[in-house]
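# Coordinate inspection notes
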Amino acid sequence: MKLKDKCKPSIPPMEPDVYMAVCIMVIDVGQQYSERYKNVSNQILLAFDIPDGTIAVDGVNKPRQISKRYTYSTNTKGNLYKLLCSWLNKKFSEDELGELDLFSLLGRGCQVQVTLKEDGKHNDIANVMALPRGMKTPESMNPYLSYDIDEDGFTGEKWDALPEWVRGIIERSEQYQQDPPEKVLEMPGDTASEDCPI
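Since this is a predicted model, take the numbers as computed values, not measurements.

What counts and what doesn't
Here, residues in each chain are numbered from 1, in the same order as that chain's written sequence. Two thresholds apply to this predicted model, a pLDDT of at least 70 for residue-level local features and 80 or more for giving and counting side-chain atom pairs, whereas whole-chain, interface and lining totals are computed over all residues. As a rule here, side-chain values come from all non-hydrogen atoms in the structure, and water together with hydrogens is ignored. The patches described consist of residues with a relative accessible area above 30% and no salt bridge, like charges being joined within 9 Å and nonpolar side chains (Val, Leu, Ile, Met, Phe, Trp, Tyr) within 5 Å. Reported accessibility uses the Shrake-Rupley method at a 1.4 Å probe radius. Residues are deemed covered only where the shown protein chains occlude them. The term salt bridge refers to a side-chain nitrogen of Lys or Arg lying within 4 Å of a carboxyl oxygen of Asp or Glu. The charge count treats Lys and Arg as positive and Asp and Glu as negative. His and the chain ends do not count. Throughout, a charge is located at the NZ atom of Lys, the CZ atom of Arg, the CG atom of Asp or the CD atom of Glu. Helix and strand assignments follow DSSP, with helices taken as H or I runs no shorter than four residues and strands as E runs no shorter than two, numbered in order from the N terminus. Relative accessible area decides the class of each residue, using a 1.4 Å probe on protein chains only: under 20% of the type maximum gives buried, over 50% gives exposed, and in between gives partly exposed. At least two bridges found by DSSP between two strands is the condition for calling them paired. Aromatic rings from Phe, Tyr and Trp, taking only the six-membered ring of Trp, are treated as a pair when their centres fall within 6.5 Å; an angle between ring planes under 30 degrees marks them as stacked, one over 60 as edge-to-face, and anything in between as tilted. The criterion for a charge sitting over a ring is simple: Lys NZ or Arg CZ within 6 Å of the ring centre, and within 35 degrees of the ring normal. Polar contacts, as used here, are pairs of N or O atoms within 3.5 Å; protein pairs need one atom able to donate a hydrogen and one able to accept it. Residues neighboring in sequence count only if both atoms are side-chain atoms. Any two residues having at least one pair of non-hydrogen atoms within 4.5 Å are treated as being in contact. As a per-residue measure, pLDDT reflects the predictor's confidence and takes values from 0 up to 100.

### Section: a negative patch on the surface
The grouping of Glu-94, Asp-95, Glu-96 and Glu-99 at the surface amounts to a negative patch. Examined against the element boundaries, Glu-96 turns out to sit in helix α3 (residues 94-98).

### Overview of the pairing of strand β1 (residues 17-34)
In terms of burial, β1 is a largely internal element, 13 of the 18 residues being buried. The sheet contact formed by β1 and strand β4 (residues 109-116) spans six bridges and is antiparallel. Looking at the pairing, Tyr-19 lines up with Val-112 of β4. Where β1 and strand β2 (residues 39-57) come together, eleven bridges link them in antiparallel fashion. Note that in β2 the partner of Val-22 across the bridge is Asp-49. Hairpin connection between β1 and β2: a loop of four residues separates the two successive antiparallel strands, and Lys-38 in this loop has a positive phi of roughly 55 degrees. Here β1 pairs with strand β6 (residues 145-147) via three bridges, running parallel. Its bridge partner lying in β6, Ile-27 is registered against Tyr-147.

### As for the packing of aromatic side chains
One pass over the full model with this rule turns up five aromatic pairs. Summarising the aromatic geometry, the rings of Phe-154 and Trp-159 are spaced 5.7 Å apart at their centres and angled 80 degrees between planes, so their arrangement reads as edge-to-face. The residues Phe-154 and Trp-159 share a single accessibility class, namely buried. Clustering of aromatic rings is evident, with ring pairs tying together Tyr-147, Phe-154, Trp-159 and Tyr-176. Lys-158 extends its terminal NZ or CZ atom over the ring of Phe-103, reaching a point 5.9 Å from the ring centre.

### Here we look at the side chain of Asp-49
For Asp-49, the location among the structural elements is in strand β2. The side chain of Asp-49 is buried and forms no salt bridge, while Arg-64, the nearest opposite charge, is found at 9.4 Å. A polar atom in the side chain of Asp-49 sits 2.8 Å from the side chain of Asn-142. Setting aside its immediate chain neighbours within four residues, Asp-49 contacts Met-20, Ala-21, Val-22, Ile-24, Pro-63, Arg-64, Gln-65, Ser-140 and Asn-142.

### Some remarks on the environment of Lys-82
Mapped onto the elements of the fold, Lys-82 is located in helix α2 (residues 79-88). For Lys-82 and Phe-92, which are ten residues apart along the polypeptide, the C-alpha to C-alpha distance reads 9.5 Å. Lys-82 has contacts with Thr-76 and Lys-77, leaving out every residue within four places of it along the chain.

### Some details on the side chain of Ser-173
On the secondary structure map, Ser-173 appears in the loop between α6 (164-170) and α7 (174-178). Accessibility expressed as a relative area gives 0% for Ser-173, which makes it buried. What Ser-173 contacts, discounting residues up to four positions off in sequence, is Val-29, Gly-30, Gln-31, Gln-32 and Ile-149.

### Observations regarding the pattern of salt bridges
Across all of its chains, the model carries three salt bridges by this definition. Here Glu-35 ties to Lys-38 by a salt bridge, and the two come within 2.4 Å at their closest N and O atoms.

### Some details on the confidence of the model for the protein chain
Taken over all residues, the pLDDT of the protein chain has a mean of 88, while the share at 70 or more is 87%. Here helix α1 (residues 3-6) is the element of the protein chain with the lowest mean pLDDT, 60, and β6 is the one with the highest, 98. Residue range residues 190-198 is modelled with pLDDT below 50. Its contacts to residues more than four positions away, or to other chains, number zero contacts.

### A short note on α2
One turn of the α-helix equals 3.6 residues, which is why residues spaced by three or four share an orientation. Most of α2 is tucked away, with seven of its ten residues classed as buried. Among all positions of α2, only Leu-80, Tyr-81, Leu-83, Leu-84, Cys-85, Trp-87 and Leu-88 are buried. Where α2 is buried, its residues touch β1, β2, β3 (60-71), α3, β4 and β5 (123-129). Phi for Asn-89, located one or two positions after α2, is positive at around 55 degrees.

Structural data, given as structure tokens:
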């Protein structure tokens, strides 16, 4: 048995380019601690399917996915503000942005500018832009997922539908750490007296 045969193969990054995509996840991941900035911020995760870029997973071709987390902010200098103005092709005021229903982004088509991170092994999202006028939204074979940490909690249908890696991020949130769900203890079955050898 060789170690290399047991190691999960790494997924090669996509080539830096602009890809047609569709938003498939809008996930409130709660208050997340940043080791880099030494602070806590409320974050949202946006994930996109890129149907034209596929990869074989367990022998099945599936669309490539890319995601990024953003800090909730209506500040005009914030990354989320810049992304939404570019994607929705509109210059919002802070008040207008504050009224935007983020779940309305699910299923919306876009162009995603994909770059490589410094390590050369992982992709990053540099920008998200509106589709050219008249272009149809790419179709995805994956379900659209929305999640609000305050409304949906850590059990139930919406929680169970989240991919494991997304639940892992949420489990690191301040909300989860302060109020984790109760885990059901599995008690050993009762042993009837007639089963005893003596």
